[in-house]
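Now for the letters of each chain:
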Amino acid sequence: MRANCARILDHLPKGTRLLAVVKAGGYGHGPVPVARAALEGGATGLAVATLEEADALGELVSPDRILVMGGLTPAQTSHAAAGGWSIGVSNRELASALGDAGHKVQVHLKIDTGMGRFGCAPADAPELARFIQQSPGLDLAGTWTHFASSESDDAMTRAQFARFTETIAALDVDPGVRHACNSMGAYRHPEFALDAVRCGIAIYGCEWPGMQPALAMRSVVTHVKTVDPGDTVGYGATWKASGKRRVATVAIGYADGVHRTRSNRGVVLVRGRRAPLIGAVSMDAITLDVTAVPGVRIGDVATLIGADGGERLTAAEVGEWSGTISYEVLTSIGSRVERRYSE
């Protein structure tokens, strides 16, 4: 984690700040340990989606260095203001409620340049920024946008960045910290870094080429048996043995983050070899064809993400087998999966 954050900063113009995105339980890794590592790696701030996630970070940094990015309602403003965090604002209703909450609140005005979720229209930004700056209860600490397709659509990303910078230039107040880039925006367009970037998936070692994945997910073989030709395995009998096969059961399932769409798809590493996942993924178990893996026995480690011997499985590869992306693979890891941290 520390090395990944340092590598991001090395890629960017000198002086650019890194906001480490540690929402969704630190992308499934565990929020507090990864937030601490990111700060040790050079991040100067943290970003989350909810007030509860901000609360969980405790005293790792001063509250104003935690940006709550998710959409809030006026009913949440008392909690938001009392926490002392920086709050993402997209509309006057929320800004007004925060300003009346009884605490000085630092806000980051979000401008929608093409993502289409949160953010004010560029044409409305000058008036909203002026309202925030003139409110005794608010401080315009930042201005930001979010790229919709920075990993795949260069033309759209450039258009969004141009729209953002043109909007900022039209403001008649200090915009504060300007930030637009997510992980792939920072990687593909370091010239768009402005004052800060918000990186999530890259700090965990995914998507950004050459990064070291921070997470490995492993379980254990709990049963091994031989099946005869024609025997089936798993719910729905979706896998049938074409010959005599060795089958291993592993104690992990869709309650733990192995998507049910993985049924009969992809592999798991056992004893340094790739063993096909066969049959339906159950809530608490998966089954593997270990016929080509000599000596498999109860207690052997099964690696679902990570390295074993000369083989490695990445979250992106697992995502392809699951019909999804690395982000969902990581954030789907269940709460009963024990997290262990090491150097």
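Everything that follows concerns the structure shown earlier in this document.
Within every chain, residues take consecutive numbers counted from 1 along the sequence as written. Where local features are concerned, this predicted model is filtered to residues with pLDDT of at least 70; where side-chain atom pairs are given and counted, the filter is 80 or more; whole-chain, interface and lining totals use all residues. Values shown for side chains rest on all heavy atoms present in the structure; no hydrogens or waters enter the calculation.

Chemist: Give me the pattern of salt bridges: which residues, what numbers.
Modeler: Salt-bridge detection follows one rule: a side-chain nitrogen of Lys or Arg within 4 Å of a carboxyl oxygen of Asp or Glu. All told, the structure shown has 14 salt bridges when counted by the stated rule. Here glutamate 40 and arginine 2 are joined by a salt bridge, their closest N and O atoms 2.9 Å apart. Of this pair, glutamate 40 sits in helix H3 (residues 31-40) while arginine 2 sits in helix H1 (residues 2-11), and the two are 38 residues apart along the sequence. Each of Arg2, Glu40 and Glu343 takes part in a single network of salt bridges with overlapping partners. Only DSSP runs of H or I with at least four residues qualify as helices, and only runs of E with at least two residues qualify as strands; both kinds are numbered from the N terminus onward.

Chemist: Talk me through the side chain of asparagine 182; I want residue IDs and the actual numbers.
Modeler: Tracing the backbone shows asparagine 182 in the loop between strand E7 (177-179) and helix H9 (183-188). In this scheme, a residue with accessible area under 20% of its type's maximum is buried, one over 50% is exposed, and one in between is partly exposed, where area comes from a 1.4 Å probe on protein chains only. Residue classification places asparagine 182 among the buried residues on the basis of a relative accessible area of 15%. Residues adjacent in sequence count toward polar contacts only when both atoms are side-chain atoms; beyond that, a polar contact is any pair of N or O atoms within 3.5 Å, and within protein one must be able to donate a hydrogen and the other to accept it. A distance of 3.0 Å separates the side chain of asparagine 182 from the backbone nitrogen of glycine 185, its partner in a polar contact. Note on contacts: a residue pair qualifies if any of its non-hydrogen atoms lie within 4.5 Å across the two residues. Those residues in contact with asparagine 182 that lie beyond four places of it in its chain are His146, Phe147, Ser150, Arg198 and Cys199.

Chemist: Describe the environment of arginine 218, naming the residues involved and giving the relevant values.
Modeler: Note that arginine 218 resides in strand E9 (residues 217-227). Considered as a pair, arginine 218 and valine 250 are 32 residues apart in the sequence and their alpha carbons are 9.7 Å apart. Leave out the neighbours within four places in its chain, and arginine 218 touches Val301, Ala302, Thr303, Leu304 and Ala307. Among the polar contacts listed, one links the side chain of arginine 218 to the side chain of threonine 303, at a separation of 3.1 Å.

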